[in-house]
Amino acid sequence: MSPESVRGTRGEDRDSYTREESRAIRRRSIRLLGSTLKPLRRLIALTAVVVVVSSILRAVGPTLIAFGIDEALPAATERGEWGPAILVAVAFLVTGGVGSALVGWYVVLIARITQAVMLELRTRIFRHTQLLSLDFHESYTSGRIISRQTSDLESIQELLDGSLNELVDAILIGTFTLALLFLLDWRSGLVLLCMGLPLALLMRWFVVESQKGFRATRVVSARLIVQFVETMTGIRAVQAFRRERRNDAAFSAVSRDYRDANLKVVRLFGTLDPGLILLANTTIAIVLLWGAFRVAGGGLAIGVLIAAVLYVRNFFGPLEDVAMFLNSYQSAAAALEKVSGVLEEEPTVVDPARPVRIAEPRGELRFDGVSFGYGDGSRTVLERCDLVIPAGQTVALVGTTGAGKSTLAKLVARFYDPTGGALRLDGTDLRDADPVDLRRAVVMVTQEAYLFSGTVAENIALGRPDATGEEIRAAARAAGADGFIEALPDGYDTDVNKRGGRVSAGQRQLISFARAFLADPTVLILDEATASLDLPSERLVQDALQRLLADRTAIIIAHRLSTVAIADRVLVMEHGRVVEDGSPGELVAAGGRYARLHEEWAASQA
Ligand SMILES: Nc1ncnc2c1ncn2[C@@H]1O[C@H](COP(=O)(O)OP(=O)(O)O)[C@@H](O)[C@H]1O
Ligand SMILES: [Mg+2]
């Protein structure tokens, strides 16, 4: 299986992968890491040199002590020569001083590398997810995308910042220590080497068990985040349907699972730590005992024995950090897998290689056998639709929920591309159209009128940031929004809270109408955009609409037939097909579905 086919898996949708897939996912992670580290290779090389030199300097300490005790001390006490003793003291000072200065330097260097990688990953994730097509965002939950930007990046940072540092340190110090120990006293070196076997077994056990443990904690922590985000983003529904108790219970259960999973991991350290201490002390005891015999027999200098013991202790010292590294490596690797999964996700709606300009659109829409299905396209939502909407026509789309009205609208706005056939604006396939021209030409207003943090004026000027204050006010007046805006505390400069908390849903819709007025598109799509307006507001918008729609192509999806009445033409959709097509008058006369709808509506008005 190629890496390409893994892209569609979107990171963590499944619990298990085949070996091939896992390998492809790992390659994907390594590619990502490689591409972020590549521009930093000089900094990395410098860091490596600094780390190696500082570890060597820190490793020579015990050798100097051996020299001091065995050579310098007798020289001073027996022959009165203080030169060697001073030499040892100076060497100790210099290696210690330079060694620690280098440690200080490489801590900063590593932090610089880490922060550069984090900055790159963070901006890449943001830029990329923002570019991804609507189908990605409709299937990838917000909780998951938040995890990518928060906890995943945190575990990668933790690894790069702290643990990797410790691992490299432990490996270098361990290697130099072993080498110097062999040079100094190979028998003690041999003892340490033999203890390597039980040590390797202990570490291996820990790696295997902790891998299981950490995987469990990650799975549970992902559930925890999803539970939290879903409850808080859906808080209105939660409170309206009194779901608090049940959510509490569900959240507590997941939290308890999380605690248990973490405790299980901590218990592993409860075995590892004493194991390491036991091994270290056993090794020291053997080295000490064997050394003592040799010192007694005159075969070993006492200073060398002290140095050997110090080296053994130094060797075991950082091993717990190695275990900790394995800990953060596991979660960072998993995080990197998920992040690289999102980054390799490709937009399904791609910008054309050679964009065709539509600088002055007229607004004719032509559907040539357009078919569409969500996801892999296996379930068709729109069936070979042939349709021409002449420039300037106002078309109303009606039909039962799920008939495919919004889908058709989203195709016109090119949030999706058809799976079959072609959709053209003024004869240009939307897939070939210049994306900037297309965004300017086609604007879709939906029921969920999203307000960004900022002022009301800024929100209206979304599509035309260079609009003047007068233009913004004119657009608001045209949409019938100026009345309530002027009543706001700071008028047009009022800061709307996040998600427009301070204005009602209907007012939000009026703002988004003003937004559309100001953007002045050639093709305007209103998908149930008047649904949360009250009748007086709707009547107001109705008048505005008639003016707004006069000289442009419009597709209006609405449940209220009063809105439909202003249309030149009505399309009735059923199961992804247009089943009736004509002027409102014609359709009423024809006595089909629209006529029945109209009859019911007329009865309700009476
Ligand atoms: N993002 C989506 N992913 C998968 N299926 C979808 C998606 N959006 C809509 N559908 C399906 O497509 C069909 C048409 O939906 P839609 O166009 O929203 O209908 P309408 O707007 O007429 O109520 C429905 O069966 C719906 O379940
Ligand atoms: Mg809809």
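Just so it is clear, the structure is predicted and the values come from calculations on it, not from any experiment.

This next bit is on the overall build of the protein. From N to C terminus, the protein includes 22 helices and 12 strands. Rg of the C-alpha trace for the protein: 36 Å, well past the compact-globule value of 25 Å for 606 residues, more than 25% over. Viewed in the frame of its principal axes, the protein has a C-alpha envelope of about 125 × 50 × 45 Å. Restricting to contacts in the protein with at least 6 residues of sequence separation, those with at least 24 account for 78%.

Further remarks concern the sheet that holds strand β10 (residues 553-557). One key point about sheets: their strands pair by backbone hydrogen bonds, in either a parallel or an antiparallel sense. The strand order β6-β9-β10-β3-β11-β12 describes an open sheet built from six strands, whose pairing is mixed. For this open sheet the edge positions go to β6 (442-445) and β12 (577-582), each flanked by a neighbour on one side alone. Taking each pair of neighbouring strands and ignoring which way they run, the sheet shows an average axis angle of 20°. As defined by bridge partners, strand β11 (residues 569-574) adjoins β12 across five bridges and the pair is classed as antiparallel. Bridge pairing links L571 to D581 in β12.

In the vicinity of ligand 1, the residues found are E138, Y374, V381, G399, T401, G402, A403, G404, K405, S406 and T407. Per element, the largest residue contribution to the shell around ligand 1 is three residues, and it comes from helix α13 (residues 405-412).

Right, let's get into the nonpolar core. One finds V412, A479, A514 and I525 to be the most contacted residues of the largest nonpolar core, which totals 75 residues. Counting residues per element, this core draws most heavily on helix α18 (residues 505-519), at eight residues. In this view, A479 contacts L510, F513, A514, F517, V541 and A544; residues no more than four positions away in its chain are not counted. By size, the runner-up hydrophobic cluster in this structure holds 54 residues, among which are F67, L192, I284 and L343.

Bringing the packing of helix α8 (residues 186-233) against helix α12 (residues 319-344) into the picture now. Close contact between α8 and α12 brings their axes to 10 Å; oriented N to C, the two are set at 45°. By the angle class used here, α8 and α12 are oblique. For the element pair α8 and α12, the recorded crossing hand is right-handed. Contact with α8, carried on its side by F206, V207, S210, Q211, F214 and R218, involves A323, L326, N327, Q330, S331 and A334 of α12 and no other residues of that element. Across the contact of α8 with α12, the residue classes break down as six nonpolar, five polar and one charged.

Take the sheet that holds strand β1 (residues 365-373) next. If you walk across this open sheet you meet the four strands as β2-β1-β4-β5, and the pairing is antiparallel. Here the strands that pair on one side only, and so sit at the sheet edges, are β2 (380-389) and β5 (428-429). Of the pairings in the sheet, the one linking β1 to β2 comprises six bridges and is antiparallel in character. Of the residues in β2, the one forming a bridge with L365 is I389. Relative to the sheet, α13 contacts β1, β2 and β4 (420-425), its axis offset from that of β1 by approximately 120°.

On domain assignment, one finds that the protein holds domain 1 (3-344) and domain 2 (365-605). Taken over C-alpha atoms, the centre of domain 1 sits 55 Å from the centre of domain 2.

Attention now goes to the packing of helix α4 (residues 61-79) against helix α5 (residues 83-131). Across the interface, α4 lies against α5 with an axial gap of 8 Å and an inter-helix angle of 160°. As judged from the angle between their axes, α4 and α5 are roughly antiparallel. Crossing hand, α4 versus α5: left-handed. For the pair formed by α4 and α5, the contact residues are G61, L64, F67, G68, E71, A72, A75 and A76 on the first element and P84, A85, V88, A91, F92 and T95 on the second.

Right, let's talk about unusual backbone geometry for a bit. One non-glycine residue, R242, lies in the positive phi region at around 50°. Relative to the assigned elements, R242 resides in the loop between α9 (235-240) and α10 (244-296). Its 8 C-beta neighbours within 10 Å are what place R242 among the exposed residues. The phi angle at E528 is positive, at roughly 50°, despite the residue not being glycine. Within the element layout of this structure, E528 appears in the loop between β9 (523-527) and α19 (535-549). For E528, a count of 20 C-beta atoms within 10 Å corresponds to the buried category.

The next thing to look at is the environment of L102. Following the sequence through the fold, L102 ends up in helix α5. Given 21 C-beta atoms within 10 Å, L102 falls into the buried group. With sequence-adjacent residues up to four places away left out, L102 is seen in contact with V50, V53, S54 and L57.

We now examine the pairing of β1. In this structure, β1 lies alongside β4, joined through five bridges in antiparallel fashion. Its bridge partner being in β4, S371 is matched across the sheet by G420.

A rise of 1.5 Å per residue sets the reference length of α5, with its 49 residues, at 72 Å; its end C-alpha atoms lie 71 Å apart and thus fit the reference within 8%. Those residues of α5 that sit buried are L102, Y106, I110, I113, V117 and L121. Those residues of α5 that are buried are in contact with α2 (19-37), α3 (41-59), α7 (142-184) and α12.

Our next topic: the environment of A516. Inspection of the secondary structure puts A516 in helix α18. Its 24 C-beta neighbours within 10 Å are what place A516 among the buried residues. Remark: the alpha-carbon pair of A516 and G404, spanning 112 residues in sequence, is separated by 23 Å. Those residues within four positions of A516 in sequence are excluded, and the remaining contacts are V443, V445 and L524.

A few words on the confidence of the model for the protein. Averaged over all residues, the pLDDT of the protein is 87; the fraction at 70 or higher stands at 97%. Within the protein, the lowest mean pLDDT, 38, falls on helix α1 (residues 3-7), and the highest, 96, falls on β5. Every residue in residues 1-9 is under pLDDT 50, and counting partners more than four places away or in other chains gives 16 contacts.

Reading the values: rules and limits
- Residues numbered from 1 in each chain as written.
- Chains lettered and ligands numbered in written order.
- Predicted model: local features only at pLDDT ≥ 70, side-chain atom pairs only at ≥ 80, totals over all residues.
- Helix = DSSP H or I, 4+ residues; strand = E, 2+ residues; numbered from the N terminus.
- Rg over C-alpha atoms; globule rule 2.2 N^0.38 Å.
- Contact = placed C-beta atoms within 7 Å.
- Pairing = 2+ DSSP bridges.
- Axes fitted to C-alpha atoms, helices over the stretch in contact; angles between N-to-C directions.
- Near = placed C-beta within 6 Å.
- Core = buried A, V, L, I, M, F, W, Y, C linked by C-beta atoms within 7 Å.
- Buried ≥ 20, exposed ≤ 12 C-beta atoms within 10 Å, placed from the backbone.
- Parallel < 35°, antiparallel > 145°, perpendicular 65-115°, else oblique.
- Left-handed = near helix turned anticlockwise from the far one by under 90°.
- Nonpolar A, V, L, I, M, F, W, Y, C, P; charged D, E, K, R; others polar.
- Domains from an automatic or database assignment.
- Expected span 1.5 Å × (residues − 1).
- pLDDT = per-residue confidence, 0-100.

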